[in-house]
Amino acid sequence: MGIYDNPALTNINGLASLTSVEGDLEFYNNPALTDLGGLANLTSVGGIWIHNNDALTDLGGLAAITSVKWQLSIIGNDVLADLDGLSSLTHIGVNLNIKDNQVLSDINGLSSVTYIGANLSITGNPALLNIDGLSSLTSLGNPAWPWTKNLDIKDNVLLDRFCGLYNLMVAGFSGTYTVTGNTTNPTVAEILSDGPCSYFTLIDALTDKNIGYLYDGDILDLAMLPTNQLAIRANLEGPDVASIRFSFQNVAKYRIENFAPYALHGDDNGDYDPYNYTPGTYTVSATPYDRRNGKGNKGQKHTITFTVIDSNSGVRVAEASPDMKIYPNPAQTKFNLELDGLSAGELIISLYNLNGELVKQHSVQTLGGTHTETINLLNLPAGMYIVRVRNGEMIRTEKVVKE
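Residues numbered from 1 in each chain as written. Predicted model: local features only at pLDDT ≥ 70, side-chain atom pairs only at ≥ 80, totals over all residues. Heavy atoms only, no water.

## What about unusual backbone geometry?
At step 1: For the bond running from A260 to P261, omega is -5°, close enough to zero to count as cis.
At step 2: Tracing the backbone shows P261 in the loop between β18 (251–257) and β19 (262–263).
At step 3: Cis rather than trans, the peptide bond between Y327 and P328 has omega equal to -10°.
At step 4: Structurally, the position occupied by P328 is in the loop between β26 (324–327) and β27 (334–342).
At step 5: The backbone of N29 shows a phi angle near 55°, a positive value even though the residue is not glycine.
At step 6: Considering the arrangement of structural elements, one finds N29 in the loop between β2 (20–28) and β3 (44–51).
At step 7: For D100, which is not glycine, the phi dihedral falls at a positive 55°.
At step 8: Take D100: it is sitting in the loop between β7 (95–99) and β8 (115–116). (Helix = DSSP H or I, 4+ residues; strand = E, 2+ residues; numbered from the N terminus.)

## Observations concerning the sheet that holds β26
At step 1: The 3 strands are arranged β26-β27-β30 in an open sheet whose pairing can be described as antiparallel. At either margin of the open sheet sits one strand with a lone partner, and together these are β26 and β30 (369–376). In this sheet, adjacent strand axes meet at a mean angle of 15° when their direction is disregarded.
At step 2: The pairing of β26 with β27 spans 4 bridges and is antiparallel. Along β27, the bridge assignment pairs Y327 with N336. (Pairing = 2+ DSSP bridges. Axes fitted to C-alpha atoms, helices over the stretch in contact; angles between N-to-C directions.)

## What about the environment of I395?
At step 1: You can see I395 is positioned in strand β32 (residues 394–402).
At step 2: Using a relative accessible area of 25% as the deciding quantity, one classes I395 as partly exposed.
At step 3: In the structure, I395 is positioned 179 residues away from D216 in sequence and 8.2 Å away in space, judged by C-alpha atoms.
At step 4: The residues touching I395, leaving out its near neighbours within four places in the chain, are D216, G217, R388, V389 and R390. (Buried < 20%, exposed > 50% of the residue type's maximum accessible area, 1.4 Å probe, protein only. Contact = heavy atoms within 4.5 Å.)

## A look at the sheet that holds strand β28 (residues 345–353)
Note on sheets: strands pair through backbone hydrogen bonds, and any given pair is parallel or antiparallel.
At step 1: Taken in spatial order, the 4 strands make up an open sheet running β29-β28-β31-β32, and their pairing is antiparallel. Lying at the two open borders of the sheet, with one neighbouring strand each, are β29 (358–366) and β32. Strand after strand, the sheet turns through a mean of 20° between neighbouring axes, direction not considered.
At step 2: One ladder, built from 8 bridges, connects β28 with β29; its direction is antiparallel.

## Remarks on the packing of aromatic side chains
At step 1: Under the criterion given, the structure shown has 12 aromatic pairs.
At step 2: Measuring from centroid to centroid gives 6.3 Å for Y213 and Y215, while their planes differ by 70°, and the two rings are edge-to-face.
At step 3: Classification of Y213 by relative accessible area gives buried; the value is 14%.
At step 4: What makes Y215 buried here is its relative accessible area of 10%.
At step 5: The rings of F248, Y254, Y275, Y277, Y282 and F306 are connected pair by pair, giving a single aromatic cluster. (Phe/Tyr/Trp six-rings, centres within 6.5 Å; stacked < 30°, edge-to-face > 60°.)

The structure is reproduced here in structure tokens:
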């Protein structure tokens, strides 16, 4: 099924009754098409090709699709900022190709994808900052197929975070690995050495879908989350991990998990048990062991502390210390971040939306003392964001609003 070269087509609402497409679904060169909302009832499709639709801003109409039989190809869509409409997708039968999308800054919409049958190619996306959205991917290339499987990540000039490939490399990738022309171009060994994007993932326990990574110092606003029935998973899988011992709040031996997924509050084969989070501060630790039941050799312990707020109830986080200033706030296209009392060394500035998703990050080297950095908000939607600053052992957070 193809929709090609329609200069006046703005929507596809006439396809609202469509539930399945046996072959490929193709959208090519429709310069006025802004969204795919007419496909909200589509659950089954052979392949998806979305090429050169200059006004397409999101893929929300694809939210019911969990599997693509053959190829998913997203190329040359100039104002497509994210892939969030693909959040239910778990399986791509053959190839994934993401190329030349000018403002695409992340691929977090692919965070549920665990399997790609043959090849993965992400090339020429000039605004792409990270590939964290691939963190659930553990299988690339069907071993029953005789041809070489390829992983190509090339010429994404701002891309400097590859931790999204960590779980794939731990699981074992035996195809051709080509990473060039990005801000950083790590080897497989370097990806394994650097570890996962985060050692913890926040999950909607009602749908069992990933919400985003949890980092030390994060602020979660219940008003912006899909539910307060949440789960937390430890991302510590590997050949030397047979069990995880969790501590939670003041309970040192809160839970032992012997099988992945390693869930803080428990699960039944990936059906996560919910925990009702209320405003407050929470501390979670996860320690891996190489034998069942928290026995044997102990691995590195990982600990985070995060804060839960509810902006609808008036419960707020305390104001940041006076040595961290943001102005203007609210901001329109950019803001200035002024810091004092820094130590010499690396300063990492991260920007998260209120779903806990990383939307922008960069690092600079400072000589200590005072530092001012300008943060560009141009390609981000209006709303509230969390600014997180790390300098050595110091972590600070503050809110900024984009108008």
